[in-house]
Structures are given as structure tokens and as C-alpha cells.
Amino acid sequence: MQTDYVTALVVNQLIETCNAREADYKKAADSIKDPYLADILNKFATESGKFFLELLPFSESRDEMEEEEITILNVRYKGWMDVASGNTLVDKKGLFEGCIDRERSAIEVYEAASTEEIPEKLKVIVIKHKSAFFKACSDLNSLIKELKL
């Protein structure tokens, strides 16, 4: 599939966000001892892996893009990750609130992507992924309340 420069740039940033989201959820799942909660976090990680595969056909090689342009959309997500990577989330509530913050950051990346001129098929994927991130926020909030964290 032939993609234009803007589409390739946007897709690569969405892919970065999905890859970071997947890695974060795997790390969170590994850090929690409760198998039920770890399973929930691993499901979000798996979901991100599927999102990556859906975006892949729209991507092009990063070598063709200038490095400083790659992070236009996901600066907020990466900024949050840089801060969070130095923290040790010792309690479940902090861990899940951190996950919600990650989801909100991913939503912002996807919101920015949806304002770009991208192919209609890609817009449909962006809407689907963004909807899943909203659902993840809701599910995580419900989990915090359910567990009385």
C-alpha cells in the first residue's frame, strides 16, 4: 500500500504509542502478584499488540523520515512515560491510576491523529482504537472502585 508522508508519520507515532502501551501493561502485569489483576493488565497488552498489527499496513520505514518529526503527536505520552519509568508503583491504586493516565495520554495521541488528513480506512482504525482506550479508562476506574483501592 502506498502511503504519503503525513500518513506514514502519523501511523508510526500511533505504532510507537501502541508499542509503549503494550510494554507498560506487560511491566505492570509482571509487577502485580494478584493473578486476576495481572490477567486484566495482560489483556490490555495483548490488545495493544493487535492494534499494532492493524496499523502496520499503513506504515513505511522510519529511515525515510527525519528524526525530529517523529514525535510530534506522542510527546505527551512519551513525557508521561519518562516520568513514570523512574517511579516504583508500590500500591495497586497507584498502579491502576497510572494505567488510566497512560490511556488518557494515548487518547490524546489518537485525537491529534484524527485531525490529520489520513485515509478513511485508517480513520476507522483510529476511532476503533480510541474507543478501546476510553473503555479501558472506564474499566480501570471501575476496578479501582470494585477493589476499594
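As a reminder, the structure under discussion sits directly above these lines.
To start, this report covers the structure provided alongside it. Keep in mind that what you see is a predicted model, and the values were worked out from it rather than measured. Residue positions are given per chain, counted from 1 along the sequence in the order it is written. The predicted nature of this model means local features are confined to residues of pLDDT at least 70 and side-chain atom pairs, given and counted, to a pLDDT of 80 or more, with totals for whole chains, interfaces and linings taken over all residues. Only hydrogens and water are removed before side-chain values are computed, so all heavy atoms of the structure are retained for them.

To continue, consider the packing of helix 2 (residues 35-55) against helix 4 (residues 92-114). An axis is simply a line fitted to the C-alpha atoms; with a helix, the fit covers only the stretch in contact. Between two such axes, the angle follows the N-to-C directions and lies from 0 to 180 degrees. Secondary structure is summarised from DSSP: a helix means a run of H or I of at least four residues, a strand means a run of E of at least two, and numbering begins at the N terminus for each. The interhelical angle for the contact between helix 2 and helix 4, taken along N-to-C directions, is 15°, at an axis separation of 12 Å. If you check the angle between helix 2 and helix 4, you find them roughly parallel. Of the two possible hands of crossing, helix 2 and helix 4 adopt the one that is left-handed. Contacts from L37, L41 and L55 of helix 2 reach helix 4 at K92, L95, F96, C99 and Y110. In this scheme, roughly parallel covers angles under 35 degrees and roughly antiparallel covers those over 145, while 65 to 115 is roughly perpendicular and the rest are oblique. Crossing handedness is read from the near helix: turned anticlockwise from the far helix by less than a right angle, it gives a left-handed crossing, and turned clockwise, a right-handed one. Whether two residues are in contact is decided by their heavy atoms: any pair within 4.5 Å suffices.

This part takes up the packing of aromatic side chains. Any Phe, Tyr or Trp ring, taking Trp's six-membered ring, that has another such ring centre within 6.5 Å forms a pair; planes under 30 degrees apart are called stacked, those over 60 apart edge-to-face, and the others tilted. The full count for this structure, using the stated rule, is three aromatic pairs. Ring geometry for Y25 and F44: centres 5.1 Å apart, planes at 40°, overall tilted. On the criterion of sequence distance, the pair formed by Y25 in helix 1 (residues 5-31) and F44 in helix 2 is long-range, its members being 19 residues apart. In this pair, the class of Y25 matches that of F44, namely buried. Between F51 and F133, the ring centres sit 5.8 Å apart and the planes meet at 70°, which makes this aromatic pair edge-to-face. Here the residue F51 occupies a position in helix 2, and F133 occupies one in helix 5 (residues 120-146), the gap between them amounting to 82 residues. Exposure is judged per residue with a 1.4 Å probe applied to protein chains only, and the accessible area is read against the type maximum: over 50% gives exposed, under 20% gives buried, and values in between give partly exposed. Judged by its relative accessible area of 4%, F51 is buried. The buried category is assigned to F133, whose relative accessible area is 0%. Members of the aromatic cluster, connected to one another through ring pairs, are F51, Y110 and F133.

So, on to helix 1. Turn by turn, an α-helix covers 3.6 residues, leaving residues three or four places apart pointing in a common direction. With 27 residues, helix 1 ought to run about 39 Å at 1.5 Å a step, and its terminal C-alpha atoms sit 39 Å apart, in line with that. Capping the start of helix 1 is the job of one residue whose side-chain oxygen sits 3.4 Å from the backbone nitrogen of V6: D4. Residue count minus one, scaled by 1.5 Å, sets the expected span of a helix. For the purposes of these results, a polar contact is taken to be a pair of N or O atoms within 3.5 Å, where, inside protein, one atom must be able to donate a hydrogen and its partner to accept one; residues adjacent in sequence count only when each atom of the pair is a side-chain atom.

Turning our attention to the pattern of salt bridges. Each salt bridge in this description consists of a side-chain nitrogen of Lys or Arg and a carboxyl oxygen of Asp or Glu lying within 4 Å of one another. According to the stated counting rule, one finds nine salt bridges in the structure shown. In this structure, the salt-bridge partner of E47 is R21, at a minimum N-O distance of 2.9 Å. Of this pair, E47 sits in helix 2 while R21 sits in helix 1; the two residues are 26 residues apart in sequence, bridging distant segments of the chain. Residue classification places R21 among the buried positions, given a relative accessible area of 1%. With its nearest N and O atoms 2.8 Å apart, the salt bridge here joins D139 to K135. In this pair, D139 and K135 both sit in helix 5, four residues apart, roughly one turn of the helix. Each of R21, E47 and E103 takes part in one network of salt bridges that share partners.

This brings us to the side chain of K130. Assignment of secondary structure puts K130 in helix 5. Polar contacts involving the side chain of K130 include one to the side chain of E111, which spans 3.1 Å. Those residues within four positions of K130 in sequence are excluded, and the remaining contacts are I107, Y110, E111 and S114.

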